[in-house]
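Residue-level listing of the chains:
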Amino acid sequence: MRKTLIEFKNVSFRYSEEQPWVLKNLSFKIYENEFVAIIGHNGSGKSTIAKLVNGLLFPQEGEILINNITVNEETIWDIRREIGMVFQNPDNQFVGATVQDDVAFGMENRGIPREEMMKRIDETLHAVWMQDYRMTEPYRLSGGQKQRVAIASVLAISPQVLILDEATAMLDPKGRKEIMQTVSELSEQRGLSLISITHDLAEVTQAERVIVMNSGEIWAEATPREIFSKRDELREIGLDVPFIAVLAEELKRAGIELPQEPLNHKEMLEELWTLHSRT
Ligand code: ADP
């Protein structure tokens, strides 16, 4: 059995008493060393979930547990050590005058000794392929490079979970793919859990599990393959379907039913070959 890292127990949240509930009786778990994608239309409550995990907000009802410890005002400082967050706009995340200062910042706040800090700066900048930019001023970096540094900064605090909140949204498809590759390799090496809040369907197909939010509630929780086979229902709640799933749908309409729902180009080719060799 995998260890539970994050647990939401009947969590409800609203930004104020005058406003409607943004999250309604939400319960789910995230396990150790798992990659979960959270998707849903704009305003469905995804970012609010990220802020609750990190104790930037607290729920009015229900409970959030990280490593079996309830998130509250007293526990939040310890809990934040375990949680690395990267947001959409890297410019809002920079505090240091150089890349190196920036990576050091989170560690300084946590009282990590200087020698250990230098070691971690070195390690994490290498891990995200930014070792040659240690002394560069952050504003000189490209969008993708900035996100790499933001990721290095959170990895430097050695968290158990990395939460990416639309972290690749401002990058081009190539940049997105590169960042996700780096992040998933690092998560695997370090045994981290990865939660990605994203609109990028290619990214979603890489996840082990997908949580689909709709109007503050969990609409579905399943593997990417199961989720993307519900094409019409997804469209009804305002979500896109990956190109390969649309292609599979068109083939079906034309009388060509694939043995298994393909998730990417490679799988689509395999399915077509299987069909072909049967005929
Ligand atoms: P998502 O990340 O899925 O787009 P959010 O969690 O950002 O959704 O927002 C959920 C709902 O909460 C939306 O209706 C949004 O307008 C509202 N909301 C988000 N932030 C605030 C805030 N600071 N004050 C009031 N309402 C907010």
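Structure's up top.
Residues numbered from 1 in each chain as written. Predicted model: local features only at pLDDT ≥ 70, side-chain atom pairs only at ≥ 80, totals over all residues. Heavy atoms only, no water.

K.L.:
I keep staring at the sheet that holds strand 2 (residues 23-31) and nothing clicks. Help me out?
P.N.:
Strand pairing in a sheet relies on backbone hydrogen bonds, with the paired strands running either antiparallel or parallel. Taken together, the four strands give an open sheet; going across it, the order is 2-1-4-5, and neighbouring strands pair in antiparallel fashion. Here the strands that pair on one side only, and so sit at the sheet edges, are strand 2 and strand 5 (69-70). Helix 1 (residues 46-53) rests against strand 1 (4-13), strand 2 and strand 4 (61-66) of the sheet, and its axis sits at about 120° to strand 1. (Pairing = 2+ DSSP bridges. Helix = DSSP H or I, 4+ residues; strand = E, 2+ residues; numbered from the N terminus. Contact = heavy atoms within 4.5 Å. Axes fitted to C-alpha atoms, helices over the stretch in contact; angles between N-to-C directions.)

K.L.:
Can you walk me through the packing of aromatic side chains in this structure?
P.N.:
The relation between two aromatic rings is expressed through the spacing of the ring centres and the mutual angle of the planes. Overall, the coordinates contain two aromatic pairs when judged by the stated rule. Judged by centre distance (4.5 Å) and plane angle (20°), the ring pair of phenylalanine 8 and phenylalanine 28 falls under stacked. Here phenylalanine 8, found in strand 1, pairs with phenylalanine 28, found in strand 2; they are 20 residues apart in sequence, far enough to count as distant. Taken individually, phenylalanine 8 and phenylalanine 28 each receive the classification buried, so the pair is uniform in this respect. (Phe/Tyr/Trp six-rings, centres within 6.5 Å; stacked < 30°, edge-to-face > 60°. Buried < 20%, exposed > 50% of the residue type's maximum accessible area, 1.4 Å probe, protein only.)

K.L.:
How should I be thinking about the site of the ligand in this particular structure?
P.N.:
Residues in contact with the ligand, as listed here, are Tyr15, Gln19, Val22, His41, Asn42, Gly43, Ser44, Gly45, Lys46, Ser47 and Thr48. Between the ligand and the protein, one listed contact pairs an oxygen atom with a side-chain N or O atom of threonine 48 at 2.5 Å. For the shell around the ligand, the class distribution of residues is two nonpolar, eight polar and one charged. (Near = heavy atom within 4 Å. Polar contact = N/O pair within 3.5 Å; in protein donor to acceptor, adjacent residues only side chain to side chain. Nonpolar A, V, L, I, M, F, W, Y, C, P; charged D, E, K, R; others polar.)

K.L.:
Would you explain the nonpolar core in this entry?
P.N.:
In this structure, Val103, Met107, Leu164, Val212 and Ile227 are the most contacted members of the largest nonpolar core, which totals 49 residues. Per-element tally for this core: the top contributor is helix 5 (residues 143-155), with six residues. When residues no more than four places from it in sequence are discounted, the contact partners of valine 103 are Ile121, Thr124, Leu125, Val149, Ala152, Ser153 and Ala156. Ranked by size, the runner-up nonpolar core spans 29 residues in total, among them Leu5, Leu23, Ala50 and Val53. (Core = buried A, V, L, I, M, F, W, Y, C linked by side-chain atoms within 4.5 Å.)

K.L.:
Is there a simple way to explain the layout of surface pockets in this structure?
P.N.:
For the largest pocket, the calculated volume is near 660 Å³. In terms of lining, the largest pocket is formed by 21 residues, of which the most central are Met85, Phe105, Gly106, Arg110 and Val154. Looking at the lining of the largest pocket, the elements with two or more residues in it are helix 2 (76-80), strand 6 (83-86), helix 3 (99-109) and helix 5. Sorting elements by how many residues they give to the lining of the largest pocket places helix 3 first, with four residues. Residue composition of the lining of the largest pocket, by class: 10 nonpolar, seven polar and four charged. (1 Å grid on protein atoms, 1.4 Å probe; cavity = no way out; pocket = protein on both sides within 12 Å on 5 of 7 lines; lining within 4 Å. Points joined across faces, edges and corners; volume = space filled by probe spheres on them.)

K.L.:
When you look at the packing of helix 3 against helix 4 (residues 114-127) in this model, what are you seeing that I'm missing?
P.N.:
How two helices pack is summed up by the angle between their axes together with the distance between the axes. Direction vectors running N to C along helix 3 and helix 4 enclose 125°, while the axes themselves pass 10 Å from each other. Here helix 3 lies oblique to helix 4, going by the angle between them. Seen from above, helix 3 lies across helix 4 with right-handed handedness. In this structure, helix 3 uses Val99, Gln100, Val103, Ala104, Met107 and Glu108 to contact helix 4, whose residues at the interface are Met117, Met118, Arg120, Ile121, Thr124 and Leu125. When its residues are assigned to classes, the contact of helix 3 with helix 4 shows eight nonpolar, two polar and two charged. (Parallel < 35°, antiparallel > 145°, perpendicular 65-115°, else oblique. Left-handed = near helix turned anticlockwise from the far one by under 90°.)

K.L.:
So what exactly am I meant to see when it comes to the sheet that holds strand 3 (residues 35-40) here?
P.N.:
Read across the sheet, six strands follow the order 6-7-8-3-9-10 without closing on themselves; strand pairing throughout is mixed. Looking along the sheet, the strands with just one partner apiece sit at the ends: strand 6 and strand 10 (217-222). The average angle at which neighbouring strand axes cross in this sheet is 15°, direction not considered. Two strands pair when backbone bridges link them, and strand 9 (residues 209-214) and strand 10 are joined in this way by five bridges, in the antiparallel orientation. Across the sheet, residue asparagine 214 finds its bridge partner in strand 10, namely glutamate 217. On the sheet, helix 5 packs against strand 6 and strand 7 (161-165) and is oriented at approximately 165° with respect to strand 6.

K.L.:
It is not clear to me how the environment of glutamate 116 should be interpreted in this structure. Could you clarify?
P.N.:
Take glutamate 116: it is sitting in helix 4. The exposure class assigned to glutamate 116 is partly exposed, which follows from its relative accessible area of 27%. Through-space distance from the C-alpha of glutamate 116 to that of isoleucine 83 is 19 Å; in sequence the pair is 33 residues apart.

K.L.:
Looking at this structure, how should I read empty space enclosed by the protein?
P.N.:
The gaps of empty space that remain are located by a probe, the size of a water molecule, rolled over the atoms. Applying the stated criterion across every chain yields a total of two cavities of 30 Å³ or more. Put simply, the largest cavity is a space of about 40 Å³. What lines the largest cavity is simply Phe28, Ile30, Ile38, Ile49, Ala50, Val53, Ile163, Ile195 and Ile197. It is helix 1 that provides the largest number of residues to the lining of the largest cavity, a total of three residues. Here the lining of the largest cavity is built from residues that sort into nine nonpolar, no polar and no charged. A volume near 30 Å³ is recorded for the second largest cavity. Around the second largest cavity sit Leu164, Glu166, Ala167, Thr168, Met180, Ser196, Ile197, Thr198 and Glu203, which together line it. Classifying every residue of the lining of the second largest cavity gives four nonpolar, three polar and two charged.

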